[in-house]
Amino acid sequence: MDGAIAGLGEDAPADVRSNRAAEVIQAPGSVICPGLVDIHVHLREPGQEEKETIESGTRAAARGGFTTVACMPNTAPPLDDRPRIEYVIRRARESGHARVHPIAAVTRGQMGEALTEIEDLVQAGAVAVSDDGKPVRNAEIMRRALQLTRALGVPVIQHAEDPDLKGDGVMHEGWTSTRLGMKGIPDAAESVMVARDALLAELTGGHVHVAHVSAGRSVDIIRKAKARGIRMTAETAPHYLVLTDEAVEGFDPRTKMNPPLRSAKDRDTLIEAIVDGTIDCLATDHAPHTEIEKDSDFDSAPFGIVGLETALGLYIKALVEPKHLSLPELILRLTVNPLRVLGLPGGTLEAGQPADVTVFDPARRWTVRAAEFASMGRNTPFEGWELPGRVALTMLGGRVTYRAAALETSAR
Amino acid sequence: MIGTRKDLLGLEDLSADEIVSILDTARTFREVLDRPIPKVPSLRGLTAANLFFEASTRTRLSFELAEKRLSADTVNFQTSGSSVSKGESLKDTARNIEAMGIHLVVIRHQSSGAPHYLARNLDAGVINAGDGTHEHPTQGLLDIFTIRERRGSIAGLRVAIIGDIMHSRVARSNIWGLIKLGASVTVAGPPTMMPLEVERFGVSVARSVDEAIEGADVVNILRIQLERQRSTLYSSLREYARVYGVTGERLRRAKPDVTVMHPGPMNRGVEIAQDVADGKHSVILEQVTNGVAVRMAVLYLLAGHKAPDESVPETPATETQKAHGEPSLHPRR
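Residues numbered from 1 in each chain as written. Chains lettered and ligands numbered in written order. Predicted model: local features only at pLDDT ≥ 70, side-chain atom pairs only at ≥ 80, totals over all residues. Heavy atoms only, no water.

Asks: Whenever I open this one, the packing of aromatic side chains confuses me. Can you help?
Replies: Remark: the centre distance and the inter-plane angle together describe each pair of aromatic rings, the angle taken between the planes. Inspection of the entire model under this criterion finds 8 aromatic pairs over all chains. With a centroid separation of 5.5 Å and an interplanar angle of 65 degrees, the aromatic rings of B:F53 and B:F77 are classed as edge-to-face. Of this pair, B:F53 sits in the loop between strand 1 (47-52) and helix 2 (58-69) while B:F77 sits in strand 2 (residues 73-78), and the two are 24 residues apart along the sequence. The exposure class of B:F53 is buried, given its relative accessible area of 7%. Both rings, one in B:Y240 and one in B:Y244, keep their centres 5.4 Å apart while their planes meet at 35 degrees; by these two values the pair is tilted. In this pair, B:Y240 and B:Y244 are both assigned in helix 8 (residues 237-244), 4 residues apart and thus about one turn of the helix distant. By relative accessible area, which is 0% here, B:Y240 ends up buried. Note that A:K256 overlies the ring of A:F303, its terminal NZ or CZ placed 4.7 Å from the centroid. (Phe/Tyr/Trp six-rings, centres within 6.5 Å; stacked < 30°, edge-to-face > 60°. Helix = DSSP H or I, 4+ residues; strand = E, 2+ residues; numbered from the N terminus. Buried < 20%, exposed > 50% of the residue type's maximum accessible area, 1.4 Å probe, protein only. Lys NZ or Arg CZ within 6 Å of the ring centre and 35° of its normal.)

Rendered as structure tokens:
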């Protein structure tokens, strides 16, 4: 089958191994793994093409080693009806850099008031529903969404945040916000919503996936919910593992995201939760913005940073180098686990699977240069960081979507 | 010392020595203000821009007066929250300042850290005239100057700061400055207006106004602005006045010669009772006068390395410190 994995090494059929027309890619010292999967990106199209397009965002995915991304519906207008879901799928197919699974809005216009036509949206190709960017604030609507999605076998992905507790906060509430005179967002703003949703998932039997967990208290709740058999899964993002609220010192808007960078204690709790499986998968929350928007005072700048092109390196730095996880354990959380949260197959290198493959050198160090990003968003706090895990090659269905300049190839 | 700095963004960044050098310079300028013609040519040929993105009367007047007393040219920009994106306008402002060849920028902005943004993006010296709820360093300096004038020195004094600590840039600058100079600071206010981990500034938190005032040398009363805060923070001005208002009765717990301060404008009968505001312990109007001298000192010291041509005296701050300023001030006759 074209574009599929024929087999690994000696297990590959003899006619494939002896095919003289095949290109041979040599990457000594590199890891060959299933294409990485990001359950949480913002591709900004339709409507905010000045920030990112499906084309540029998926090119960034390929450059970061990702072959599959699930994109959030907070576009302008939001992905809350069938034509818009179909539009995203079509544009992604035309671009051809990555598989894109759209996530549909829970409520019309993401206004939190009336449910979208969830069944139609799922049939159109949505893999989950979420009002990400905002929480589903109304507990009654959350309950009904969980009942409806349960029957369809898709999760409700919750941006867990109590809007009243968040208020007009811009960073984690703690000593640094006190010192800098910045309006704080307490960790409880996230955790009270996680607790509420755990109870609603228990009530309905539905599946809540908690997006971008940032607070240690949320981890405690998720761990207890799982122990009680509640269908709750969770993700986090790399920046919560390598930065704390102290990074906001200096008022650089590239350290502004929601949820905010939290305390060192929260960071340590998140790492434990990744290790013990309480946090199921690792995402990016890739949130591109224009330079004009981010080049300002802290309060005026929008929340969010880009992540696709730095995630792998940051995760290796945060989790594998300090020996919290082995490399295969990390890859599981970047491939199979996010797919299973969405109820999707794949994420392996078994014969017959689509040849979605990522090749990277875990030891090879490289320097983050936002100017070289394929993403239109350059809003990263990691400019100039030296990271491990340079991606050498990304392949989607047997076709190369990214190839590092230095990679040697030869014809047989 | 401060003469090697480009900007004054907050008292957190300054050493005790730098603060003392500003206070000493301000002392000299305070004398200038008492002269028949209270003007010196120190900043002749330099241009200062006063950018007030947030409404202000007295701080803006005080800075403008300080600039004029130093013979600087001044330009003013004032807006009260325009419809354009604030971030964009700040960046454009920076570019315009650069294009106009302005030497010193005084900025007040509703966003904490906005002066830091300008400082990063400009060669001009930047003076923070109040950023969001972060710092208001010249207010902190003028408060400390006033305390020092009254009580001789700062070390060992007991200072009570009463009010909305969370949203007060005046409180933050006072706390940093006072603690660096060896005072012991106690804060009191509604628990909803006490920021998380406030003790880490090095202050004690009193459970009541009475406890904070007990034995105090200085009581600094912050302006309460319930109308600007979220309504969830406190019930009413009436309740605030009853629980946190500083009255003559409460003030009796302080030292008999206590110094009473308020950054203004006052809500008489709310955070400060009439008899306290106008009483013998009040130095509230002295604070206003001293504010001009302190701002002159800051402008003068920051301008030390900004001389555009020979018309400006070669008077960097180091010389001022050595000679206490007198030779470089050239009072006009």
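Asks: Before we go on, may I ask you to explain the sheet that holds strand 2 of chain B in this structure?
Replies: Residue and element names in this part refer to chain B. Pairing is parallel across the open sheet formed by 4 strands, whose spatial order is 2-1-3-4. Here the strands that pair on one side only, and so sit at the sheet edges, are strand 2 and strand 4 (125-131). Averaged over all adjacent pairs, the angle separating strand axes in this sheet is 15 degrees, with direction ignored. Here 5 bridges tie strand 3 (residues 104-109) to strand 4, and the two strands are oriented parallel to one another. By the bridge assignment for strand 4, V106 is matched with I127. Along the sheet, helix 11 (residues 284-302) contacts strand 3 and strand 4; its crossing angle with strand 4, the most-contacted strand, is approximately 150 degrees. (Pairing = 2+ DSSP bridges. Axes fitted to C-alpha atoms, helices over the stretch in contact; angles between N-to-C directions. Contact = heavy atoms within 4.5 Å.)

Asks: Looking at this structure, I do not really get the environment of A:T116. What am I missing?
Replies: Residue and element names in this part refer to chain A. Along the chain, the position of T116 falls in the loop between strand 5 (99-102) and helix 4 (118-124). Residue T116 is classed as buried on the basis of its relative accessible area of 6%. Taking C-alpha positions, T116 is 10.0 Å from R82, a pair spaced 34 residues apart along the chain. Discounting residues that sit within four places of it in the chain, T116 has contacts with D80, A105, V106, T107, R108 and L121.

Asks: Mind showing me how you'd approach helix 2 (residues 54-63) of chain A here?
Replies: Since there are 3.6 residues in each turn of an α-helix, residues three or four apart along the chain are aligned in direction. All names here are of chain A. For helix 2, the tally of buried residues reaches 8 of 10 residues, placing the bulk of the element in the interior. The set of residues buried in helix 2 consists of I54, S56, G57, T58, A60, A61, A62 and R63. Where helix 2 is buried, its residues contact strand 4 (66-71), helix 3 (82-95), strand 5, strand 16 (390-396) and strand 17 (399-403). Once helix 2 ends, the next one or two residues include G65, with phi positive near 95 degrees.

Asks: What is the right way to read the interface of chain A and chain B from this model?
Replies: You'll often see interface size given as the accessible area lost when the parts meet. If you look at the interface, chain A gives 20 residues, while chain B gives 26 residues. Both faces combined, the contact of chain A with chain B buries some 1,900 Å², and carbon together with sulfur accounts for 53% of it. Its largest share of buried area at the contact with chain B, chain A owes to A:W175, A:T178 and A:F251, together 31% of the area lost on that side. B:E12 is paired through a salt bridge with A:R179; the nearest N and O atoms lie 2.3 Å apart. At the surface where chain A touches chain B, the tally comes to 10 residue pairs in polar contact (both at pLDDT 80 or more). Top element by residues in the side of chain A that touches chain B is helix 7 (residues 175-180) of chain A. It accounts for 4 residues. (Buried area = accessible area lost by both parts, 1.4 Å probe. Salt bridge = Lys/Arg side-chain N within 4 Å of Asp/Glu carboxyl O. Polar contact = N/O pair within 3.5 Å; in protein donor to acceptor, adjacent residues only side chain to side chain.)

Asks: Quick question: what am I supposed to make of the packing of helix 1 (residues 16-33) of chain B against helix 11 of chain B here?
Replies: Two quantities define a packed helix pair, namely the angle between the helix axes and the distance between the axes. Residues and elements named next belong to chain B. Two elements in contact, helix 1 and helix 11, have axes separated by 8 Å at closest approach and are oriented at 120 degrees. On the basis of their axis angle, the class for helix 1 and helix 11 is oblique. Crossing of helix 1 against helix 11: the hand is right-handed. In contact with S21, I22, T25, A26, F29, R30 and L33 of helix 1, helix 11 contributes T289, N290, V292, A293, V294, M296, A297, V298, Y300 and L301. (Parallel < 35°, antiparallel > 145°, perpendicular 65-115°, else oblique. Left-handed = near helix turned anticlockwise from the far one by under 90°.)

Asks: It is not clear to me how the sheet that holds strand 7 (residues 204-205) of chain B should be interpreted in this structure. Could you clarify?
Replies: Backbone hydrogen bonds hold the strands of a sheet together, and the pairing may be parallel or antiparallel. All names here are of chain B. Spatially, 7-6-5-8-9 is the arrangement adopted by the 5 strands of the open sheet, whose pairing is parallel. Among the strands making up the open sheet, the edge pair consists of strand 7 and strand 9 (259-261). Where strand 8 (residues 218-221) lies against strand 9, 3 bridges are found, and the strand directions are parallel. For V218, the partnering residue across the bridge sits in strand 9 and is T259. Sheet contacts for helix 5 (residues 137-151): strand 8 and strand 9; angle to strand 9, the most-contacted strand, approximately 160 degrees.

Asks: Hey, could you run me through the pairing of strand 5 of chain A in this one?
Replies: Strand residues, when the strand is regular, have side chains that alternate between the two faces of the sheet. Residue and element names in this part refer to chain A. Burial along strand 5 is one-sided: V100 and P102 are buried, and none of R99 and H101, which face the opposite way, are. Direction of pairing for strand 4 relative to strand 5: parallel, over a ladder of 4 bridges. Its bridge partner lying in strand 5, C71 is registered against P102. Regarding topology, helix 3 serves as the crossover connection from strand 4 to the parallel strand 5, and that connection is right-handed. (Right-handed = clockwise from strand over helix to strand, strands pointing away.)

Asks: What exactly am I supposed to notice about the nonpolar core here?
Replies: Across soluble globular proteins, nonpolar side chains show a tendency to be buried alongside one another. Residues A:V210, A:M232, A:L319 and A:L330 are the most contacted members of the largest nonpolar core, which totals 88 residues. For this core, the element with the most residues is helix 13 (residues 311-320) of chain A, which contributes 8 residues. Ignoring any residue separated from it by four or fewer positions in sequence, one finds A:M232 in contact with A:V194, A:D197, A:A198, A:V208, A:V210, A:I222, A:A225 and A:K226. By size, the runner-up hydrophobic cluster in this structure holds 62 residues, among which are B:V185, B:F201, B:Y300 and B:A303. (Core = buried A, V, L, I, M, F, W, Y, C linked by side-chain atoms within 4.5 Å.)

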